[in-house]
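# Overview (structure and organization)
Here is what each chain is made of, one letter per residue.
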Amino acid sequence: MCSSDLLAVVVIHPGFATPCAPDQKCLDNGVTLDLDSNDPSDSQIASQVIGAITQGFSVAEHIGGTPGITVTTAEIGTQNITTIDYFLPSMMTYVAVLAGLTYVSITIVDQRERKVLRRYRATPLHPLQVLGAAMTGGAVTVALEVAALAVVGVFVFGARGHGDWLLAVAAIVVGIASFVSIGFLLTSFVSTSDAARGISSLIGFPMLFLSGIFFPVDALPQWIQDIVHVLPVYYVSDALHQILNSGTGLPLLDVVVPLAWAAGCFALAAWRFRWE
């Protein structure tokens, strides 16, 4: 379990399914459930599923006792992941998404409203240069916010990273590039900063909700999972969890998908760019 994708191991005791007297608690007819402590959210779901299956079996087979079939759980893991360890990568992704979408989209639209962009039009600047400068400034701002969150999480709340922080930085930079590019693309479809703020939230929160930050993606219906596996948020969150929680490397797919979103959204934003 410590070196594979196994989430839980069910150990069935020799006396499993043996009838038990109503006034006895028969431990030999139970099961032991070994859970992966490095993945607490998925492990909780696995525990609930196994518990429901065993108790349903005890009712169907008329196995008495209290509480019927005993399920004993134990956590196994090499990293000893705590709750704050697990949620730090999630919150880093959360800040990157919201800040990346809202900051740049509101900034560009606000400059358009105040006729600042129209003044740039009188200069030899190409739209790519304007977008590139704004994207760089926005990305640096978002990166500083994520860094501040990580510092607070580590030094104030005691979160620990169990992998290479340089790889985590690379993953968050790729993610910020994709989120900032999406934010720039949104500026092509709105004309006021209030609208930009609303559209950013309308797009950002569903992506966050479905990306596995708050609950496992496996708990969603299959057709929603298919949609989630296209979104960049899912891959950025997965990369940070793989690096900081599991101590593994940076999966190639977790880099390719966000970069593809960044390149596609930036190209489309530059094509649809409006000075006013």
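Residues numbered from 1 in each chain as written. Predicted model: local features only at pLDDT ≥ 70, side-chain atom pairs only at ≥ 80, totals over all residues. Heavy atoms only, no water.

### Structural notes on the environment of Ala143
Note on placement: Ala143 falls in helix H4 (residues 127-155). On the basis of relative accessibility, which here comes to 30%, the residue Ala143 falls in the partly exposed class. Between the C-alpha atom of Ala143 and that of Val173, which follows or precedes it by 30 residues, the distance is 7.4 Å. (Helix = DSSP H or I, 4+ residues; strand = E, 2+ residues; numbered from the N terminus. Buried < 20%, exposed > 50% of the residue type's maximum accessible area, 1.4 Å probe, protein only.)

### Regarding a nonpolar patch on the surface
Together, Ile84, Val151, Val152, Phe155, Val156 and Phe157 give the surface a local cluster of nonpolar side chains, amounting to about 610 Å² of exposed area. With 3 residues, the top contributor of residues to the nonpolar patch is H4. By the secondary structure assignment, Val151 is in helix H4. Residue Val151 is classed as partly exposed on the basis of its relative accessible area of 44%. (Patch = residues over 30% accessible without salt bridge, like charges linked within 9 Å, V, L, I, M, F, W, Y side chains within 5 Å. Areas by Shrake-Rupley, 256 points an atom, 1.4 Å probe, with all protein chains shown as cover. Salt bridge = Lys/Arg side-chain N within 4 Å of Asp/Glu carboxyl O.)

### Things to note about helix H8 (residues 232-244)
For H8, built from 13 residues, the straight-helix expectation of 18 Å at 1.5 Å per residue is met to within 8% by its first-to-last C-alpha distance of 18 Å. Among all positions of H8, only Pro232, Val233, Tyr235, Val236, Ser237, Ala239, Leu240, His241, Ile243 and Leu244 are buried. (Expected span 1.5 Å × (residues − 1).)

### What to know about the side chain of Thr187
In this fold, Thr187 is placed in the loop between helix H5 (165-186) and helix H6 (193-210). Note on Thr187: relative accessible area 2%, which makes it buried.

### Considering the packing of helix H2 (residues 83-113) against H8
The relative placement of two packed helices is expressed as an angle between their axes plus a distance between the axes. Between H2 and H8, the least distance of the axes is 9 Å, while the angle of their chain directions is 150°. Considering only the axes of H2 and H8, their crossing is right-handed. Side by side, H2 and H8 meet where Tyr86, Pro89, Ser90, Met92, Thr93 and Val97 of the first sit next to Val233, Val236, Ser237, Leu240, His241 and Leu244 of the second. When grouped by side-chain class, the residues that make up the contact of H2 with H8 number 8 nonpolar, 4 polar and no charged. (Axes fitted to C-alpha atoms, helices over the stretch in contact; angles between N-to-C directions. Left-handed = near helix turned anticlockwise from the far one by under 90°. Contact = heavy atoms within 4.5 Å. Nonpolar A, V, L, I, M, F, W, Y, C, P; charged D, E, K, R; others polar.)

### Remarks on the packing of aromatic side chains
The final tally for this structure, using the stated rule, is 2 aromatic pairs. Aromatic pair Tyr86 and Phe87: ring centres 5.5 Å apart, planes at 85°, arrangement edge-to-face. Take Tyr86: its relative accessible area is 10%, and that puts it in the buried class. On the numbers, 5.0 Å between centres and 85° between planes, the contact of Tyr234 with Tyr235 is edge-to-face. (Phe/Tyr/Trp six-rings, centres within 6.5 Å; stacked < 30°, edge-to-face > 60°.)

### Details of H6
Counted at 1.5 Å a residue, the expected span for H6 with its 18 residues is 26 Å, and the 26 Å between its end C-alpha atoms agrees. Buried within H6 we find Ser193, Ala196, Ser200, Gly204, Met207 and Leu208. With its buried residues spanning 95° around the axis, H6 presents them on a single face. When the buried face of H6 is taken as reference, the exposed residues oriented beyond 90 degrees from it are Asp194 and Leu202. On its buried side, H6 packs onto H2, H5 and H8. The first or second residue beyond H6 is Gly212, which carries a positive phi of 95°. (Arc of directions from axis to C-beta.)

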